[in-house]
Amino acid sequence: MTGNQHGFDAVTLEVLWTRLISIVDEAAAALVRTSFSTVVRESHDFSCVLTDEQGHSLVQATESIPSFIGTLPKTVGHFLAAYPPETLTLGDVMITNDPWLGTGHLPDITVGRPIFLEKRMVGFAASTAHSPDIGGIMRSPVPREIFEEGFQIPIMKLIDAGQPNETLLRLLRQNVRTPDLTTGDLWAQITALDLIERRLLALMEEYRLSSLSALAAEIQGRSERAMRGAIAELPDGTYPAALQTDGLDEPLDIVMELVLKGDEIAMDFTGTSPQVARAINLPMCYTYAMAAYGVKCVTAPGVPNNEGAFKPVTVTAPEGCLVNPVYPASVGSRALTGHFVPTLVLQALSGIVPDRIMAAVGSPLWAITQTGVDRHGKTFAHLFFFNGGMGGNPRRDGIGPLSWPSNISSTPTEVIEQLAPLHVKHRKLRPGSGGEGRFRGGMGQEILLENRAQSPTAVTFLAERTRAPAPGVAGGRHGAAGEVRINGEAVDPKQQYILQQGDTVMLRTPGGGGYGDPKQRDPAGTARDLAMGYLTEGE
């Protein structure tokens, strides 16, 4: 079989597709094994992708962050626009963390390597990973413009024909609190790209493929047809949705109109609140990725994630609004807005496919960042993730705590205590925090941390649904709201705080919403919840 053929028999296509998945999954495993930070190693906040020579997504690692499914291939396209194939050579690696060209905020560093077969570019290996620190003000909603958020890397070459850009690396190390962790994770990403390149070239040699074009067209084409077929099964119409986030001093509105027409879906965010002078704005690249992900969850979750699957989906938003801010807007905590977008999609479609949606989740994901100077005079920055409860759905109770629409893992207690001057005094589920329903929402969790640093440390939070809890659906009740307390006093989670030795921080993550009328709940389910301690008598 050669690369200029335009068809593959079913068996060969399945073998090639499985091999491609194994390539990016092996690269992802290598990235995790060689990474330095808990953000990658424990929480898996990264992605690996293989594209065709045009930068169109072909296959993505199984454990990739959902938003990166939509953003990472687009960044490869920006790499190729800045460095056309004829200007690239063997051993080149591009890099950027531009929020508008990457994933929506500076901590995510994206790298990409062109893959050459006999001096001709046949594909692109790329990876995004969340850096443990990128400098600037600690990750939080506090910054007012992007210049406060950290070190900006425009599209450029990290490696030029095999030679690392030592000037860039020195500048990066100088501007972050964790130079060894930040650059260590970066080299782990390069390791993943190297592995993708080697494995792909070996596969192409084994199957005598001179190009990926025909294979990519077959895989992407099948995905597009499957996606269009799934969309076409839904009734045409206009389906509005709106919600309010905790916002800042006042709640903020995210408004969407979803239009189903034939085999395409268009979403528009006209009516959404204007961008704000805080770090919760959402660049359009992330808005598109989260909206498209929500559509895929409802219509065709089993279709492979590649360029073809997202061709039938378009997203628009007025320039200067919360979900399409203009530079130099602050965007570092964009998840506090962006994680609501898939929920809007589910809300919009709940009336026509109620059996495919779930109630709102106790998300956006929660996190705490702690920075300071240790007893040896070395700066540190630690980012730890926590999750709320999932929403109930038509088939089962919500799971909790679990991250959605991201799939970032909660940081293990042992890792927190090993790396940071924090003692976890307790960590437990929040009984009764899941919204009531025929299928209840998943529970949030309660974490009590004690600061044991000898010198003052700064902490910031990523926290939402402290005012507006996760609503239920189809008659289900809302979940419990979240809460942040320092030394027992409730605090605004969108501010920065200084901790002294012995101070405590309590995080109570939100519960998920319930699905269906609580009166229809199976009594056996309630009895089980009481026996397991998920409810207390009288709830």
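Residues numbered from 1 in each chain as written. Predicted model: local features only at pLDDT ≥ 70, side-chain atom pairs only at ≥ 80, totals over all residues. Heavy atoms only, no water.

## Considering the overall build of the protein
And then number 1: When helices and strands are tallied, the protein shows twelve helices and 20 strands.
And then number 2: For a compact globule of 539 residues, the expected C-alpha radius of gyration is about 24 Å, and the protein comes in at 23 Å, within 12% of that figure.
And then number 3: Each principal axis of the C-alpha distribution contributes one length, and for the protein these read about 70 × 60 × 45 Å.
And then number 4: Taking all 539 residues of the protein together, the buried fraction comes to 59%. (Helix = DSSP H or I, 4+ residues; strand = E, 2+ residues; numbered from the N terminus. Rg over C-alpha atoms; globule rule 2.2 N^0.38 Å. Buried < 20%, exposed > 50% of the residue type's maximum accessible area, 1.4 Å probe, protein only.)

## Structural notes on the packing of aromatic side chains
And then number 1: Using the criterion set out here, one finds five aromatic pairs in the structure.
And then number 2: Their ring planes at 40° and their centres at 6.1 Å tell us that Tyr-293 and Trp-404 sit as a pair that is tilted. A residue pair is termed long-range when its members are at least 10 positions apart, and Tyr-293 in helix H7 (residues 284-299) and Trp-404 in the loop between strand E13 (379-386) and helix H11 (413-419) qualify at 111 residues. Grouping residues by exposure puts Tyr-293 and Trp-404 together as buried.
And then number 3: With centroids separated by 6.4 Å and ring planes inclined at 50°, the aromatic side chains of Phe-461 and Tyr-497 adopt a geometry described as tilted. Highlighted residues: Phe-461 in strand E16 (residues 457-462) and Tyr-497 in strand E19 (residues 497-499), separated in sequence by 36 residues.
And then number 4: In this structure Phe-461 comes out as buried when scored by relative accessible area, which is 1%.
And then number 5: When the ring centre of Tyr-288 is taken as reference, the NZ or CZ atom of Lys-74 above it lies at 5.5 Å. (Phe/Tyr/Trp six-rings, centres within 6.5 Å; stacked < 30°, edge-to-face > 60°. Lys NZ or Arg CZ within 6 Å of the ring centre and 35° of its normal.)

## Observations regarding the packing of helix H4 (residues 166-174) against helix H5 (residues 179-206)
How two helices pack is summed up by the angle between their axes together with the distance between the axes.
And then number 1: Interaxial distance between H4 and H5 falls to 8 Å at its minimum, and their mutual angle equals 140°. Viewed along their axes, H4 and H5 adopt a mutual orientation that is oblique. As H4 packs across H5, the resulting crossing turns out to be right-handed. Two secondary-structure elements touch here, H4 through Leu-169, Leu-172 and Arg-173 and H5 through Pro-179, Asp-180, Thr-182, Thr-183, Leu-186 and Trp-187.
And then number 2: When the residues that make up the contact of H4 with H5 are grouped by side-chain class, the tally is five nonpolar, two polar and two charged. (Axes fitted to C-alpha atoms, helices over the stretch in contact; angles between N-to-C directions. Parallel < 35°, antiparallel > 145°, perpendicular 65-115°, else oblique. Left-handed = near helix turned anticlockwise from the far one by under 90°. Contact = heavy atoms within 4.5 Å. Nonpolar A, V, L, I, M, F, W, Y, C, P; charged D, E, K, R; others polar.)

## Examining the sheet that holds strand E2 (residues 57-60)
And then number 1: Read from one edge of the open sheet, seven strands run E2-E1-E5-E4-E3-E6-E7, paired in antiparallel fashion. Edge positions in the open sheet fall to E2 and strand E7 (163-164), since each of these has one partner strand only.
And then number 2: Across seven bridges, strand E1 (residues 46-52) lies against strand E5 (residues 120-130) in antiparallel orientation. Bridge assignment links Ser-47 to a residue of E5, and that residue is Thr-128.
And then number 3: With respect to the sheet, helix H1 (residues 10-34) is in contact with E1, E2 and E5, its orientation differing from that of E1 by roughly 145°.
And then number 4: Its contacts with the sheet put H5 on E1, strand E3 (93-96), strand E4 (108-117), E5, strand E6 (156-160) and E7, and the angle it makes with E4 is roughly 25°. (Pairing = 2+ DSSP bridges.)

## Here we look at the sheet that holds strand E12 (residues 366-373)
And then number 1: Across the sheet, four strands lie side by side as E13-E12-E16-E19; this open sheet has antiparallel pairing. Two strands close off the open sheet at either side, each with one partner strand: E13 and E19. Between one strand and the next, the sheet's axes are offset by a mean angle of 25°, whatever the strand orientation.
And then number 2: Across five bridges, E12 lies against E16 in antiparallel orientation. In the strand pairing of E16, Gln-370 is matched with Val-459.

## Some thoughts on the side chain of Thr-38
And then number 1: Its location among the elements puts Thr-38 in helix H2 (residues 38-41).
And then number 2: Residues in contact with Thr-38, not counting those within four places in the same chain, are Ser-43, Leu-383, Phe-384, Val-415 and Leu-419.

## Quick look at the pattern of salt bridges
And then number 1: Counting across every chain of the model gives 23 salt bridges.
And then number 2: A salt bridge links Arg-113 to Asp-194; its shortest N-O distance comes to 2.5 Å. Residue Arg-113 is located in strand E4, and its partner Asp-194 is located in helix H5; the two are separated by 81 residues in the primary sequence.
And then number 3: According to the relative accessible area criterion, Asp-194 is partly exposed, its value standing at 23%.
And then number 4: With a closest N to O distance of 3.7 Å, Arg-440 and Asp-397 form a salt bridge. Residue Arg-440 is found in the loop between strand E14 (422-429) and strand E15 (445-451), and its partner Asp-397 is found in the loop between E13 and H11; the two are separated by 43 residues along the sequence. The pair Arg-440 / Asp-397 is uniform in exposure class, with both members buried. (Salt bridge = Lys/Arg side-chain N within 4 Å of Asp/Glu carboxyl O.)

## Some points on the confidence of the model for the protein
And then number 1: With 98% of its residues at a pLDDT of 70 or more, the protein shows a mean pLDDT of 95.
And then number 2: Considering only residues more than four positions removed or in separate chains, one finds that residues 1-6, a stretch of pLDDT under 50, has 17 contacts. (pLDDT = per-residue confidence, 0-100.)

## A look at the pairing of E13
And then number 1: The buried fraction of E13 amounts to seven of the eight residues, a majority that puts the element mostly inside the structure.
And then number 2: Where E12 and E13 come together, eight bridges link them in antiparallel fashion. Pairing of Val-373 across the sheet is with Thr-379, part of E13.
And then number 3: Remark: five residues form the turn of the hairpin made by E12 and E13, two consecutive strands paired antiparallel; Gly-377 in that turn has positive phi of roughly 85°.

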